[in-house]
Amino acid sequence: MKLPIKLICRTKRVHEDGTSTVFIQYCYNAKQKTLLHTGIKIPPAYWKAKQCCITDKLPLEFGDHEALNKELRRLVRIAEDLVTHAVQTKIRDKGAFVKKTFSPSLEVSTVEERVNEAAKKEAEEKRSKLDIYYQFDEYIKSKQRKVSAATLTVYRNVKSHLLAYEKYSAKKITFESLDFSFYEDFVDYLTFEHAHMRRQEELTGLKLNTIGKTIKHLRGFIKDRVKRKIIAPIDLTDFKIPEEESDAIYLTHQEIADIYQTDLSAHPHLIEYRDLFVLACLTGLRFSDFSTLRPEDLQRDMLYKKQEKSDHWVIIPLRHEAKQIFTRQFRDKIPELTNPEFNRHIKTIGKLAGITRLVKFSYKKGNQNVVVTKPKYEWITSHTARRSFCTNEFLAGTPVELIMKISGHKRTKDFYKYIRITPEEAANKIKELWLARDNMKLIKETAEKMGIAI
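A short tour of the structure in this document, coming up. Within each chain, residues carry numbers counting from 1 in the order of the written sequence. Only residues with pLDDT of at least 70 are given local features in this predicted model, and only at 80 or more are side-chain atom pairs given and counted; all residues enter the totals for whole chains, interfaces and linings. Excluded from the side-chain calculations are hydrogens and water; all other atoms, namely the structure's heavy atoms, are used.

### Description of the environment of Ile-173
Consideration 1: Only runs of H or I of at least four residues qualify as helices and only runs of E of at least two qualify as strands under DSSP, and these elements are numbered from the N terminus. Turning to its location among the elements, Ile-173 is positioned in the loop between helix H5 (149–169) and helix H6 (180–192).
Consideration 2: A residue is classified by how much of its surface remains accessible, and Ile-173, at 3% relative accessible area, is buried.
Consideration 3: Sequence separation between Ile-173 and Leu-162 is 11 residues; the distance between their C-alpha atoms is 7.9 Å. We call a residue buried when its accessible area falls under 20% of the maximum for its residue type, exposed when it is over 50%, and partly exposed in between, using a 1.4 Å probe and counting protein chains only.

As structure tokens, this is what we get:
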């Protein structure tokens, strides 16, 4: 079988010394070809294009034409052997393989050995690129300009959970191992065995919603790699996302006022944390947004802010207190702070404000309910401000659609997860609505018609 290989001299590309390079041209499909450098250069006038050889008129200063033609034939045989091997072993990118493996110094007798080495190296490179952690790093890189820094941290946490599970189970995790058995064992490990630090204390096992978030982002990563045709499709039907309604507090308007009015003269370093938290309670901003406010964000008594998480613009009208805090305390500069540091300080502020009522919450760990009771200030976090804004506006009767315009929620399902009211508060709210309807006027009218006194 004649292979699509021939010798060419690029006569239109002449070097400074008046010579042109002789190449081996390999046309590996109808539209693509590659050139293999032979290392032989001659004046283009001494090249026979039809015969693909050097003429016998070549001046000796450029070499003996017979010896050069013999060397060119040897190199062509090497190229043919490489192409034959690529065809027999069904190498997909034959052109790249031949280009990478060919060398003028390669002896015909060592072609098979060189080919095997190249094939082995290519297989190793392919395997390394299909390594699940390499692909996870590539996935994170692809997301860097599309998601917030906080979301990137979540992706890295998923990767670290996989690495920890691999070490615990002593089983190498590959894309091929991602089946239902892996899912069950991984969730079981995250529930009962995964060790992590929290406030200098080592804890074992993650909460159900944290596990759910891990599985959710693992699924997203796998689907992305399948969509890009990097890996074969994986059945994720049984990779359920465990979740439960999370317990979280909100602060009433009175409690927010208590915090704002707390005397911090003995703790002056807490004042800016207190004011920033109250500002967040009155605007519904996330930590990533209220901690990066700038003077130019305030226009005509409203905050114009592009949310980091959703990349979505919100326009927030400011209450008198909110505008006062922003213009007095933070108009020039928001203090640089971290979320853990912020959370630690606002718990202290909540305690000083007297928000000490005991609050009991529970969460699932496997099939067990774990109950935790702490003073309310211990449950306060930076996100409490956002929940408080949404809940207080909801209770005040502000239409949900308008609250979502300010909070930036795109789905009502997500918004209602923020509403934190007790059954007693719900009952009182319904009672208020009944009173607003003239104390069940319909019943009054019916009784009057029947001659019954109420």
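### Side note on the packing of helix H4 (residues 132–143) against helix H7 (residues 208–227)
Consideration 1: Helix axes use the C-alpha atoms of the stretch in contact, all axes being lines fitted to C-alpha atoms, and the angles between their N-to-C directions lie in the range 0 to 180 degrees. Remark: H4 packs on H7, axes separated minimally by 11 Å, with the N-to-C direction vectors making an angle of 90 degrees. Overall, the two elements H4 and H7 adopt an arrangement that is roughly perpendicular. The segment H4 lies against H7, with Ile-132, Gln-135, Phe-136, Glu-138, Tyr-139 and Ser-142 engaging Leu-218, Gly-220, Phe-221, Asp-224 and Arg-225.
Consideration 2: All residues other than Ala, Val, Leu, Ile, Met, Phe, Trp, Tyr, Cys, Pro, Asp, Glu, Lys and Arg, Gly among them, are scored as polar; the first ten of these are nonpolar and the last four charged. Residue classes in the contact of H4 with H7 are distributed as 5 nonpolar, 3 polar and 3 charged. For classification purposes, angles smaller than 35 degrees are called roughly parallel, those larger than 145 roughly antiparallel, those between 65 and 115 roughly perpendicular, and all remaining angles oblique. Between two residues, a contact is recorded if the distance between any of their heavy atoms is within 4.5 Å.

### Description of the sheet that holds strand S10 (residues 313–317)
Strand pairing in a sheet takes place through backbone hydrogen bonds and is either antiparallel or parallel in direction.
Consideration 1: Strand pairing follows a simple DSSP-based rule, namely that at least 2 bridges must link the two strands. Spatial strand order, S8-S9-S10: 3 strands in an open sheet with antiparallel pairing. The open sheet terminates on both sides in strands that have one partner only, identified here as strand S8 (298–299) and S10.
Consideration 2: Pairing between strand S9 (residues 302–306) and S10: 5 bridges, direction antiparallel. Across the sheet, the residue bridging to Leu-303 is Ile-316, located in S10.

### Thoughts on the nonpolar core
Consideration 1: For this analysis, a nonpolar core means a set of buried residues of the types Ala, Val, Leu, Ile, Met, Phe, Trp, Tyr and Cys, connected via side-chain atoms within 4.5 Å. Grouped together as the largest cluster of nonpolar side chains are 49 residues, with contacts concentrated most on Phe-277 and Phe-342.
Consideration 2: For this core, the element with the most residues is helix H9 (residues 271–283), which contributes 8 residues.
Consideration 3: Residue contacts for Phe-342: discarding those within four places in its chain leaves Tyr-273, Leu-276, Phe-277, Phe-287, Phe-290, Leu-337 and Ser-382.
Consideration 4: Membership of the second largest hydrophobic core comes to 29 residues, among which are Ile-140, Leu-162, Ile-222 and Phe-239.

### Here we look at the pairing of strand S12 (residues 368–375)
In the case of a regular strand, side chains alternate between the two sheet surfaces.
Consideration 1: For strand S11 (residues 358–365) and S12, the ladder comprises 8 bridges, and the chain directions are antiparallel. Counted as the bridge partner of Val-359 is Lys-374 from S12.
Consideration 2: Following S11, the chain reverses through 2 residues before pairing antiparallel with S12; Gly-366 in that reversal takes a positive phi of roughly 70 degrees.

### Side note on the sheet that holds strand S1 (residues 5–9)
Consideration 1: Strands sit in the order S1-S2-S3 across an open sheet of 3 strands; the sheet is antiparallel. With one partner strand each, in any of the chains shown, S1 and strand S3 (33–42) form the two edges of the open sheet. Strand-to-strand twist in this sheet, taken as the mean axis angle between neighbours without regard to direction, amounts to 25 degrees.
Consideration 2: Sheet topology places strand S2 (residues 20–27) next to S3; 7 bridges connect them, and they run antiparallel. Bridging across to S3, Cys-27 finds its partner in Lys-33.
Consideration 3: Its contacts with the sheet put helix H1 (residues 65–88) on S1, S2 and S3, and the angle it makes with S3 is roughly 160 degrees.

### A word on a positive patch on the surface
Consideration 1: Patches here: salt-bridge-free residues with over 30% relative accessible area, like charges joined within 9 Å, nonpolar side chains (Val, Leu, Ile, Met, Phe, Trp, Tyr) joined within 5 Å. Residue-level accessible areas treat just the shown protein chains as cover; the underlying method is Shrake-Rupley with a 1.4 Å probe. Salt bridge, as used here, is a side-chain nitrogen of Lys or Arg placed within 4 Å of a carboxyl oxygen of Asp or Glu. Charged-residue counts in this description rest on Lys and Arg as positive and Asp and Glu as negative, His and the chain ends being excluded. Charge positions come from single atoms, namely NZ of Lys, CZ of Arg, CG of Asp or CD of Glu. A contiguous patch of positive charge, built from Lys-213, Lys-216, Lys-309, Lys-413 and Lys-417, is present on the exposed surface.
Consideration 2: Tracing the backbone through its elements, the reader meets Lys-309 in the loop between S9 and S10.

### Thoughts on the packing of aromatic side chains
Consideration 1: Any pair of Phe, Tyr and Trp rings, taking the six-membered ring for Trp, is counted once the centres come within 6.5 Å. Such a pair is stacked with planes under 30 degrees apart, edge-to-face with planes over 60 apart, and tilted for the rest. Enumeration over the complete set of coordinates arrives at 21 aromatic pairs.
Consideration 2: Aromatic pair Phe-182 and Phe-186: ring centres 5.3 Å apart, planes at 15 degrees, arrangement stacked. Taken together, the positions of Phe-182 and Phe-186, both in helix H6 and 4 residues apart, correspond to about one turn of that helix. Just as Phe-182 is buried, Phe-186 falls in that class too.
Consideration 3: For the pair Phe-277 and Phe-342, a centre-to-centre distance of 6.5 Å together with 45 degrees between the ring planes defines the contact as tilted. Taken together, the positions of Phe-277 in helix H9 and Phe-342 in helix H12 (residues 339–352) put the pair 65 residues apart, joining distant regions of the chain. Of the two residues, Phe-277 and Phe-342, neither departs from the other in class, the shared state being buried.
Consideration 4: Lying over the aromatic face of Phe-23, Arg-10 brings its terminal NZ or CZ to 5.5 Å of the ring centre.
Consideration 5: By the criterion adopted, a ring carries a charge over it if an Arg CZ or a Lys NZ lies within 6 Å of its centre and within 35 degrees of its normal. Sitting above the plane of the Tyr-250 ring, Lys-376 keeps its charged end 6.0 Å from the centroid.

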